[in-house]
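Here are the chains, one letter per residue:
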Amino acid sequence: QVQLVESGGGLVQAGGSLRLSCAASGRTFSIYAMGWFRQAPGKDRDIVAAINWSGNTYYADSMKGRFTISRDNAKNTVYLQMNSLKPEDTAVYYCAASSVIGVLADPRVFRSWGQGTQVTVSS
């Protein structure tokens, strides 16, 4: 079992920045990649970005240039730096972990999930 705990959400004005953190515990040796997803009210949960322990990254097209995913292997922690935030970025952001080697961008491989953290961007 892998446990994931997110932090760093909150309320920010449009154009502002937030950094989300996700700390993994438990069977962390089984993790190949970690990712961030988000779900706005009434919408599906979509992938935002993902990173494996080698540092390879994936970004959804709409996040490129504004969001940066990074990781600290020693701390089993993944970060999501979000800049130039827009009201449409408002959502619950979830951290997830995958043990499927070689796959980074397929949401179906992420089986461990955090509880989510709310990000609200005001206009």
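Report on the accompanying structure. (Residues numbered from 1 in each chain as written. Predicted model: local features only at pLDDT ≥ 70, side-chain atom pairs only at ≥ 80, totals over all residues. Heavy atoms only, no water.)

1. Digging into the overall build of the protein
Part 1 of the reasoning: From N to C terminus, the protein includes 0 helices and 11 strands.
Part 2 of the reasoning: For the protein, the sequential pattern of α-helices and β-strands runs β-β-β-β-β-β-β-β-β-β-β.
Part 3 of the reasoning: The C-alpha radius of gyration of the protein comes to 13 Å, within 12% of the 14 Å expected for a compact globule of 123 residues.
Part 4 of the reasoning: Projected onto its principal axes, the C-alpha positions of the protein cover 40 × 25 × 25 Å.
Part 5 of the reasoning: Here the protein holds 123 residues, and 45% of them are scored as buried.
Part 6 of the reasoning: A separation threshold of at least 6 residues defines the contact pool for the protein, and within that pool the share at least 24 residues apart is 57%.
Part 7 of the reasoning: For the protein, the accessible surface area stands at approximately 6300 Å², while carbon and sulfur atoms represent 47% of it.
Part 8 of the reasoning: For the protein, the centre of its 12 positive side-chain charges and the centre of its 8 negative side-chain charges are spaced 5 Å apart. (Helix = DSSP H or I, 4+ residues; strand = E, 2+ residues; numbered from the N terminus. Rg over C-alpha atoms; globule rule 2.2 N^0.38 Å. Buried < 20%, exposed > 50% of the residue type's maximum accessible area, 1.4 Å probe, protein only. Contact = heavy atoms within 4.5 Å. Areas by Shrake-Rupley, 256 points an atom, 1.4 Å probe, with all protein chains shown as cover. Lys, Arg positive; Asp, Glu negative; His and termini not counted. Charge placed at Lys NZ, Arg CZ, Asp CG, Glu CD.)

2. A look at the pairing of strand 11 (residues 117-122)
Each regular strand carries side chains that alternate between the two faces of the sheet.
Part 1 of the reasoning: Burial along strand 11 is one-sided: the face carrying Thr117, Val119 and Val121 is buried and the face carrying Gln118, Thr120 and Ser122 is not.
Part 2 of the reasoning: Inspection of the sheet shows strand 9 (residues 91-98) paired to strand 11 by 3 bridges, in the antiparallel sense. Residue pairing in the sheet places Ala91 in a bridge with Val119 of strand 11. (Pairing = 2+ DSSP bridges.)

3. Details of the packing of aromatic side chains
Part 1 of the reasoning: As enumerated under the stated definition, the model contains 3 aromatic pairs in all.
Part 2 of the reasoning: For the pair Tyr94 and Trp113, a centre-to-centre distance of 6.5 Å together with 80° between the ring planes defines the contact as edge-to-face. Of this pair, Tyr94 sits in strand 9 while Trp113 sits in strand 10 (residues 110-113), placing them 19 residues apart in sequence.
Part 3 of the reasoning: Feature note: the residues Phe37, Tyr94, Phe110 and Trp113 constitute an aromatic cluster, connected by ring pairs.
Part 4 of the reasoning: Over the ring of Trp113 we find Arg45, and its NZ or CZ is 4.6 Å from the ring centre. (Phe/Tyr/Trp six-rings, centres within 6.5 Å; stacked < 30°, edge-to-face > 60°. Lys NZ or Arg CZ within 6 Å of the ring centre and 35° of its normal.)

4. Digging into the sheet that holds strand 7 (residues 67-72)
Part 1 of the reasoning: The strand order 1-3-8-7 describes an open sheet built from 4 strands, whose pairing is antiparallel. At either margin of the open sheet sits one strand with a lone partner, and together these are strand 1 (2-7) and strand 7. The mean angle between the axes of side-by-side strands here comes to 20°, regardless of whether they run parallel or antiparallel.
Part 2 of the reasoning: Pairing between strand 7 and strand 8 (residues 77-82): 6 bridges, direction antiparallel. Bridged to Arg71 within strand 8 is Val78. (Axes fitted to C-alpha atoms, helices over the stretch in contact; angles between N-to-C directions.)

5. Description of the side chain of Ser98
Part 1 of the reasoning: With respect to the helices, strands and loops of the structure, Ser98 is situated in strand 9.
Part 2 of the reasoning: For Ser98, the side chain forms a polar contact with the main-chain nitrogen of Val100, separated by 3.1 Å.
Part 3 of the reasoning: Among the polar contacts made by the side chain of Ser98, one reaches the main-chain carbonyl oxygen of Val109 at a distance of 3.2 Å.
Part 4 of the reasoning: Leaving out residues up to four positions away in the same chain, Ser98 has contacts with Ser30, Ile31, Tyr32, Ala33, Val109 and Phe110. (Polar contact = N/O pair within 3.5 Å; in protein donor to acceptor, adjacent residues only side chain to side chain.)

6. Some remarks on the state of the cysteines
Part 1 of the reasoning: As enumerated under the stated definition, the model contains 1 disulfide in all.
Part 2 of the reasoning: Between the sulfur atoms of Cys22 and its disulfide mate Cys95 the distance is 2.0 Å. In this structure, the disulfide formed by Cys22 and Cys95 twists by about -80° around the S-S bond and is classed as left-handed. With Cys22 in strand 3 (residues 18-26) and Cys95 in strand 9, the pair connects residues that are 73 residues apart, well separated along the chain. (Disulfide = S-S within 2.5 Å.)

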